[in-house]
Amino acid sequence: MVQVAAFAVSAYASSLHRAAHKPFNPLLGETYECIREDKGFKFVAEQVSHHPPVAACHAHGSNFTLWQDVRIKTKFWGKSLEFQPSGTVQLTLNQHNDAYEWNKVTSCVHNLFGGGARWVDQYGEAVITNAPQHLTCRLTFVKASSWSSKRHEVYGTVTDDQTGTVLHNLFGKWTEALYCGHAPSARVVWRPGSMPENSHLYYGFTRFAIELNELRAEQRDVLPPTDTRFRPDQR
């Protein structure tokens, strides 16, 4: 459960570097397929609704299967834009007979119109459940405030649903690291990888995201025409 919690938190790390960039909007029916034999997984995604925008994806490897659907509701607050996701992420670990489910938290981009550099915040509660093992992890992403310099904080616990016992304590920052235990003896569970050189010139993409946008010659004849890599505005 601790590793799955770290995986859920890691999904937000690169958003720190993308606050100044408008997100790419997929068209209705647009797809993306990725087969990475070197990393041992296959992935497919499709934009299944335009209004409201809904995307669905499915990935599987030798020891896991992951799928999710994402619906986004936006709220404009004058100088900030809030993204409220609904839907769930489902993950099964085949060799352990584990089934996990969790929700996404709210994202907000601040300073859209002047008043300093844009910055992104994540806040809300992500609840991760593992029904077969009777485990629940509750992660709280702390909302930044104008009167405090603290940002990007996250903390939570892993509990046994049958006894209510707290098994693990988690804390850290979704931009820096996630720790398990109690300070100062807590162990590091996850840290984000380093960003590529001049990543600010490439939409704040991570190394992995840059690889995903590559269209190799041998792929042109096997990918469907709806694949996002054929869009000329994203080359």
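Above this text sits the structure in question.
Reference entry: report on the structure contained in this document. Everything quoted here is computed from the prediction, not taken from an experiment.

Looking at the nonpolar core
Reasoning step 1: Residues Trp102, Ile128, Cys137, Leu139, Phe141 and Leu170 are the most contacted members of the largest nonpolar core, which totals 32 residues.
Reasoning step 2: Elements represented by at least two residues in this core include exactly helix 1 (2–10), strand 6 (88–93), strand 7 (98–103), strand 9 (119–130), strand 10 (135–141), strand 11 (153–160) and strand 13 (177–180).
Reasoning step 3: No other element matches the six residues that helix 1 contributes to this core.
Reasoning step 4: Beyond its immediate chain neighbours, meaning those up to four positions away, Leu170 contacts Val2, Ala5, Cys137, Leu139, Tyr155, Gly156, Val158, Leu178, Tyr179 and Cys180.

Concerning a nonpolar patch on the surface
Reasoning step 1: Together, Leu201, Tyr202 and Ile210 make up an exposed nonpolar region whose accessible area comes to about 320 Å².
Reasoning step 2: Relative to the elements of secondary structure, Ile210 occurs in helix 2 (residues 207–212).
Reasoning step 3: Residue classification places Ile210 among the partly exposed positions, given a relative accessible area of 38%.

Things to note about unusual backbone geometry
Reasoning step 1: With an omega of 0°, the peptide bond between His51 and Pro52 qualifies as cis.
Reasoning step 2: Going from Ala183 to Pro184, the amide bond is cis rather than trans, its omega being 5°.
Reasoning step 3: With respect to the element layout, Pro184 can be found in the loop between strand 13 and strand 14 (187–190).
Reasoning step 4: Backbone geometry at His152 places phi at a positive 70°, although glycine is not the residue there.
Reasoning step 5: Relative to the helices and strands, His152 is located in the loop between strand 10 and strand 11.

Observations regarding the packing of aromatic side chains
Reasoning step 1: Going through the model one piece at a time under the given rule, you end up with six aromatic pairs.
Reasoning step 2: Centroid distance Phe76 to Phe113: 6.2 Å. Interplanar angle 80°. Geometry classified as edge-to-face. Note that Phe76 is positioned in strand 4 (residues 64–76) and Phe113 in the loop between strand 8 (106–110) and strand 9, a separation of 37 residues in sequence. Both residues of the pair, Phe76 and Phe113, count as exposed.
Reasoning step 3: Residue placement shows Lys143 over the ring face of Tyr123; its charged tip is 4.7 Å from the ring centre.
Reasoning step 4: The side chain of Arg151 reaches across the aromatic face of Trp119, ending 3.7 Å from its centre.

Observations concerning the pattern of salt bridges
Reasoning step 1: Overall, the coordinates contain eight salt bridges when judged by the stated rule.
Reasoning step 2: Note that Asp38 and Arg36 form a salt bridge whose closest N and O atoms lie 2.8 Å from each other.
Reasoning step 3: Residue classification places Asp38 among the exposed residues on the basis of a relative accessible area of 59%.
Reasoning step 4: Among the salt bridges present, the one from Arg138 reaches Glu125, with a minimum N-O distance of 3.4 Å. A residue pair is termed long-range when its members are at least 10 positions apart, and Arg138 in strand 10 and Glu125 in strand 9 qualify at 13 residues.

Looking at the environment of Glu33
Reasoning step 1: For Glu33, the location among the structural elements is in strand 1 (residues 31–36).
Reasoning step 2: C-alpha separation for the pair Glu33 and Ala45, spaced 12 residues apart in sequence, amounts to 6.6 Å.

Re the pairing of strand 3 (residues 54–61)
Reasoning step 1: Bridging between strand 2 (residues 41–49) and strand 3 involves eight bridges; their strand directions are antiparallel. Counted as the bridge partner of Ala45 is Cys57 from strand 3.
Reasoning step 2: The turn joining strand 2 and strand 3, which pair antiparallel and follow one another in sequence, is formed by four residues.

Parameters and conventions
Along each chain, residue indices are assigned from 1 in the same order as the chain's sequence is written. Given that this is a predicted model, residues contribute local features only at a pLDDT of at least 70 and side-chain atom pairs are listed and counted only at 80 or more, while totals for whole chains, interfaces and linings are drawn from all residues. Calculation of side-chain values draws on the structure's entire complement of heavy atoms; hydrogens and water are dropped beforehand. Buried Ala, Val, Leu, Ile, Met, Phe, Trp, Tyr and Cys residues form a nonpolar core when they are joined through side-chain atoms within 4.5 Å. Exposure is judged per residue with a 1.4 Å probe applied to protein chains only, and the accessible area is read against the type maximum: over 50% gives exposed, under 20% gives buried, and values in between give partly exposed. Counting from the N terminus, the helices are the DSSP runs of H or I reaching at least four residues and the strands are the DSSP runs of E reaching at least two. Any pair of residues with heavy atoms lying within 4.5 Å of one another is described as a contacting pair. Patch rule: a residue counts if its relative accessible area is over 30% and it has no salt bridge; like charges are joined within 9 Å, and nonpolar side chains (Val, Leu, Ile, Met, Phe, Trp, Tyr) within 5 Å. Each accessible area is a Shrake-Rupley result for a 1.4 Å probe, and residues are judged covered by the shown protein chains and nothing else. What makes a salt bridge here is a side-chain nitrogen of Lys or Arg within 4 Å of a carboxyl oxygen of Asp or Glu, nothing more. Pairing of aromatic rings covers Phe, Tyr and Trp, the last through its six-membered ring, and needs centres within 6.5 Å; plane angles under 30 degrees mean stacked, over 60 mean edge-to-face, and all others mean tilted. Charge over a ring is defined by NZ of Lys or CZ of Arg lying within 6 Å of the ring centre and within 35 degrees of the ring normal. DSSP-based pairing: two strands are paired if at least 2 bridges between them are found.

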